[in-house]
Amino acid sequence: MVGKGKREQKIAIEAVIVAAITVAGLALQVITGGFNREILAFPANLILITAIPVLLILFKGALKHLASGSLSIILISTVAIIALYMGLVPGNSAKSSWPFTLIYLALLINLTASVLMRLRIFKFRKDISFMLNHIGLLILLFSAGPGSADKARYFMRVFEGKVEWRAEKSGGKERAEAVELPIAISLEDFEMDEYPPKLAIIERNTGIALPEKRPFYFEANLNAFATIENRTLTVDSVVYKPGYAPAAFVRVTDIYSDEATEGWVSCGNYFQHFKTLSLDSTYCVAMTSPEPKEFRSKVEAYTQSGKVKNGIIRVNHPMTIGGWKIYQHSYDSARGRDSVWSLFELVYDPWIIPAYIGMIMMIFGAITLFWKGGKS
Amino acid sequence: MWDNFIWFSLACMLLWIIGVASLYLNKKTAITGNILISAGLALFLAFILLLWRDIGHPPLRTMGETRLWYSFFITLVGFGTWLRWRYKWLVGYSVLVSGVFIAVNLLKPEIHFTNLMPALQSIWFVPHVTVYILSYAMFGAATIASFIAIRELKSKSERLMPLIDNLTYIGLGFLMTGMLLGAIWAKEAWGDYWTWDPKEVWAFITAAVYVIYIHARVQKYPLRVILWILPLAFVMLMITWLGVNYLPAAQGSIHVY
């Protein structure tokens, strides 16, 4: 162990170097206006990923200094501070800034160096936890950082019964030009299941539902029955035809006076006006629009190389074809279940396999933390 | 079901408080205390399961629902560490913290009876959230212990450090698992495993601060510095969990429900 004064001196030097890197990043940021990750596209990212360990092995003298544990702490703290900025300042672009990129790179070097140092004295039982956590993280950081330059994301809107192969780049703020992709989608059918619409008694002007502090909504199912304050509501009939808005025939009875009011209530849709049932000058019965329970697209997808795949794409269940993943993104929300088109997000990420390997190593690494505990 | 929460929680708190008291008062045997605390835990779990059946999907969506799990897990963790390492006071503190979260749920439920949207209908939903809340419970216990250790700094006693380290390592294990399960889920649901969504940013900060604690311990930095990292990390954790929704930078997050 180095002496106390020496250690503090070493930490001070490392802190100054990291601060200098950050300042250099800020200067580059001012001059160039941001880091363009496209310069890391294949093969640049692969060269970088190979160069870091090779150079560290060649320059053994630097290895020990770059593997420093106190340097790791300083670098992680710096990344955390940049993340704080990301988390506090609305609409910032810190993740594609020069300071973040340079610190990320420094962290990759520090992490690679630490792994190389530890590999030289590797003992399975003692070091397996370290290796799973650190190599896993390293692979993940390489895939998520430099690897992400090869990632591509597009939005493709496909109409029912049509085939589409043109898409717009996603993620960008302004509308991009449509490009032709090596992949085409034919949408056979778009379908949606919905939760039943809900009924409530609302104040006509404010829309606030009764009871005031704990608003009560109930599903507009046939024969549904509810008591809200001093009124009972019964649903005598529900109609929901394709292309039309849902409507319920509601009977409202005042508990004390036994006076009854009845009539149709509907939330309306893109071409039908909504309809409420008036109770008195202040309150009426209203219906909420049905919320989507599940939506799915029945598709056939083709790649340029001649692959064909049939299947259903829904949220949380993308389709994988030829290195691409196709996601159910959205639909014509004004029309809801009557939407005649479906919007897909297409993602190409050739680095996803190493990213998964890194993540799985880290999950096993996390498990080793349970039995290892704080004992070192 | 929520209307019954007050009765369930009162019964649980009563069982837990009498259980902890009996651990302190009855020096000869811990059986009575252990049985009472276990009964309280079983009752609390029963409430969660009944609520689950009642609303028809896992109660993990709203803030109030996650606090419900926290109240359960923090007591479970406190009780577990008592069984494993014999720290009586930690059970007492975790019951107190649990009580605070129960009280918050009674006063400000933040439960909206909404339907489960398609994005949350996934096999990753339950493990992602429960593992996270379990880690929060571990870190809650570690934070309590760190405050006591800070008070004991003058006496040079390091008796709590093994406990704090254990809780932090296990907590970080769960936190990383929760984050990675979330990443795998995100790839299936949103197309990317990491997008610096506001909740992800704060989860990252939280994990980073705990990682700093562990590295600082390995480097044998002085305790008077290290011990303050844990309360700081816990503040970050609270922002991640409860605060993000209120931050201006978080509007439009996929994690705001």
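Criteria and cut-off values
- Residues numbered from 1 in each chain as written.
- Chains lettered and ligands numbered in written order.
- Predicted model: local features only at pLDDT ≥ 70, side-chain atom pairs only at ≥ 80, totals over all residues.
- Heavy atoms only, no water.
- Helix = DSSP H or I, 4+ residues; strand = E, 2+ residues; numbered from the N terminus.
- Rg over C-alpha atoms; globule rule 2.2 N^0.38 Å.
- Buried < 20%, exposed > 50% of the residue type's maximum accessible area, 1.4 Å probe, protein only.
- Contact = heavy atoms within 4.5 Å.
- Areas by Shrake-Rupley, 256 points an atom, 1.4 Å probe, with all protein chains shown as cover.
- Core = buried A, V, L, I, M, F, W, Y, C linked by side-chain atoms within 4.5 Å.
- Polar contact = N/O pair within 3.5 Å; in protein donor to acceptor, adjacent residues only side chain to side chain.
- Domains from an automatic or database assignment.
- Buried area = accessible area lost by both parts, 1.4 Å probe.
- Salt bridge = Lys/Arg side-chain N within 4 Å of Asp/Glu carboxyl O.
- Nonpolar A, V, L, I, M, F, W, Y, C, P; charged D, E, K, R; others polar.
- Axes fitted to C-alpha atoms, helices over the stretch in contact; angles between N-to-C directions.
- Parallel < 35°, antiparallel > 145°, perpendicular 65-115°, else oblique.
- Patch = residues over 30% accessible without salt bridge, like charges linked within 9 Å, V, L, I, M, F, W, Y side chains within 5 Å.
- Pairing = 2+ DSSP bridges.
- Phe/Tyr/Trp six-rings, centres within 6.5 Å; stacked < 30°, edge-to-face > 60°.
- Lys NZ or Arg CZ within 6 Å of the ring centre and 35° of its normal.

## A look at the overall build of chain B
No. 1: If you tally the helices and strands in chain B, you get 9 helices and 0 strands.
No. 2: Along chain B, helices (α) and strands (β) appear in the sequence α-α-α-α-α-α-α-α-α when read from the amino end.
No. 3: Relative to the compact-globule value of 18 Å for 257 residues, chain B shows a C-alpha radius of gyration of 19 Å, a close match.
No. 4: The dimensions of chain B, computed from C-alpha atoms along their principal axes, are 55 × 45 × 30 Å.
No. 5: Taking all 257 residues of chain B together, 60% fall into the buried category.
No. 6: In chain B, once contacts between residues fewer than 6 apart in sequence are set aside, the share between residues at least 24 apart is 77%.
No. 7: Per element, the accessible surface of chain B, about 10,600 Å² overall, is 71% carbon and sulfur.

## Some thoughts on the nonpolar core
No. 1: B:W16, B:F44, B:Y70, B:W89 and B:I164 are the most contacted members of the largest nonpolar core, which totals 136 residues.
No. 2: Not counting residues within four places of it along the chain, the set of residues in contact with B:I164 comprises B:A142, B:A145, B:S146, B:A149, B:Y213, B:L227 and B:L230.
No. 3: Core analysis: the next-biggest nonpolar cluster, separate from the first, contains 24 residues, A:V158, A:F190, A:M319 and B:A119 among them.

## Observations regarding the side chain of B:T130
Residue and element names in this part refer to chain B.
No. 1: Structurally, T130 can be placed in helix α5 (residues 125-151).
No. 2: Within polar-contact distance, the side chain of T130 engages the backbone oxygen of V126 at 2.6 Å.
No. 3: Setting aside anything within four residues of it in sequence, one finds T130 in contact with L60, W69 and F73.

## A closer look at the domain arrangement of chain B
All names here are of chain B.
No. 1: Assigned domains within chain B: domain 1 (1-65 + 86-113) and domain 2 (117-257).
No. 2: Placing a centre on the C-alpha atoms of domain 1 and another on those of domain 2 gives a separation of 23 Å.
No. 3: Contacts between domain 1 and domain 2 engage 14 residues on the former and 21 residues on the latter.
No. 4: Of the roughly 1,500 Å² buried where domain 1 meets domain 2, counting both sides, 77% is carbon and sulfur surface.
No. 5: Counting every contact that joins domain 1 to domain 2 gives 0 salt bridges.
No. 6: At the surface where domain 1 touches domain 2, the tally comes to 0 residue pairs in polar contact (both at pLDDT 80 or more).
No. 7: If you tally residues by element for the side of domain 1 that touches domain 2, the top one is helix α4 (residues 88-107), at 5 residues.
No. 8: Classifying every residue of the side of domain 1 that touches domain 2 gives 10 nonpolar, 1 polar and 3 charged.

## Some thoughts on the domain arrangement of chain A
All names here are of chain A.
No. 1: Split by domain assignment, chain A resolves into domain 1 (4-150 + 353-372), domain 2 (153-193 + 292-348) and domain 3 (196-287).
No. 2: Taken together, the contact pairs 4 residues of domain 2 with 6 residues of domain 3.
No. 3: Of the roughly 430 Å² buried at the junction of domain 2 and domain 3 (both faces included), carbon and sulfur atoms supply 44%.
No. 4: When the buried surface of domain 2 facing domain 3 is broken down by residue, R335, R337 and D338 rank first, second and third, together holding 88% of it.

## A look at the packing of helix α3 (residues 63-85) of chain B against α4(B)
Residues and elements named next belong to chain B.
No. 1: Contact pair α3 / α4: the axes reach a minimum separation of 8 Å and the direction vectors enclose 170°. Accordingly, the angle class assigned to the pair α3 and α4 is roughly antiparallel. Residues G64, R67, L68, Y70, S71, I74, T75, G78, F79, T81 and W82 of α3 touch α4, and the partners they reach there are K88, L90, V91, S94, V95, V97, S98, F101, I102, V104 and N105.
No. 2: Residue composition of the contact of α3 with α4, by class: 12 nonpolar, 8 polar and 2 charged.

## Here we look at the pattern of salt bridges
Residues and elements named next belong to chain A.
No. 1: In this structure the tally under the stated criterion is 17 salt bridges over all chains.
No. 2: In this structure, R118 and D127 form a salt bridge, with 2.6 Å as the shortest nitrogen-oxygen distance.
No. 3: Looking at R118, the relative accessible area reads 25%, which means it is partly exposed.
No. 4: E294 is paired through a salt bridge with R296; the nearest N and O atoms lie 2.6 Å apart.
No. 5: Among the charged side chains, a network of salt bridges with common partners joins E191, D193, E294, R296 and R314.

## Some points on the side chain of A:S297
All names here are of chain A.
No. 1: The topology assignment puts S297 in strand β12 (residues 292-303).
No. 2: Among the polar contacts listed, one links the side chain of S297 to the side chain of S342, at a separation of 2.7 Å.
No. 3: Each residue touching S297, except ones within four places of it in the same chain, is listed here: L187, D189, F190, G311, I312, I313, Q328, S342 and F344.

## Topic: the interface of chain B and chain A
No. 1: With 50 residues of chain B in contact, the opposing surface of chain A contributes 54 residues.
No. 2: With both chains or domains summed, chain B and chain A bury close to 4,500 Å², and 63% of this area falls on carbon and sulfur atoms.
No. 3: When the area that chain B buries against chain A is broken down by residue, the three leading residues are B:N115, B:Y169 and B:Y193, summing to 16%.
No. 4: Run the count over chain B and chain A and you get 3 salt bridges.
No. 5: For A:K151, the salt bridge goes to B:D192, with nearest N and O atoms at 3.0 Å.
No. 6: Remark: the boundary between chain B and chain A carries 15 residue pairs in polar contact (both at pLDDT 80 or more).
No. 7: Per-element accounting of the side of chain B that touches chain A gives the leading share, 17 residues, to helix α6 (residues 161-189) of chain B.
No. 8: Its residues placed into classes, the side of chain B that touches chain A shows 33 nonpolar, 11 polar and 6 charged.

## Some remarks on a nonpolar patch on the surface
Residues and elements named next belong to chain B.
No. 1: On the surface, a nonpolar cluster with roughly 560 Å² of combined accessible area is contributed by I6, W7, L10, L106 and L107.
No. 2: Residue assignment for the nonpolar patch shows that the elements contributing at least two residues are α1 (5-25) and α4.
No. 3: Looking at where I6 falls in the secondary structure, it is placed in helix α1.

## What about the sheet that holds strand β11 (residues 283-287) of chain A?
All names here are of chain A.
No. 1: Ordered by their spatial adjacency, 4 strands build an open sheet running β5-β4-β11-β10, and the pairing between neighbours is antiparallel. Lying at the two open borders of the sheet, with one neighbouring strand each, are β5 (218-219) and β10 (277-278).
No. 2: With 2 bridges connecting them, β10 and β11 associate as antiparallel partners. Bridging across to β11, S278 finds its partner in C284.

## Focus on the sheet that holds strand β13 (residues 308-314) of chain A
No. 1: Pairing in this open sheet of 8 strands is antiparallel, and the strands run β13-β12-β3-β2-β1-β16-β15-β14 (chain A) from one edge to the other. Two strands bound the open sheet, and with one partner strand each, they are β13 and β14 (319-321) of chain A. Direction aside, neighbouring strands of the sheet carry axes that sit 35° apart on average.
No. 2: In the packing of α6(B) onto the sheet, contacts are made with β15 (324-331) and β16 (341-348) of chain A, and the angle to β15(A) comes to roughly 70°.

## A short note on the packing of aromatic side chains
No. 1: For the coordinates displayed, the defined rule picks out 33 aromatic pairs over all chains.
No. 2: Taken together, a centroid distance of 4.9 Å and an interplanar angle of 80° make the contact between A:F35 and A:W98 edge-to-face. Of this pair, A:F35 sits in the loop between α1 (4-32) and α2 (44-58) while A:W98 sits in helix α5 (residues 98-119); the two residues are 63 residues apart in sequence, bridging distant segments of the chain. For the residue pair A:F35 and A:W98, the accessibility class agrees, reading buried in each case.
No. 3: Taken together, the aromatic side chains of B:W2, B:F5, B:F8, B:W16, B:F44, B:F47, B:W69, B:F72 and B:F73 make up a single cluster linked through ring pairs.
No. 4: Between A:R118 and the ring centre of A:F130, over which it is positioned, the NZ or CZ distance is 4.0 Å.

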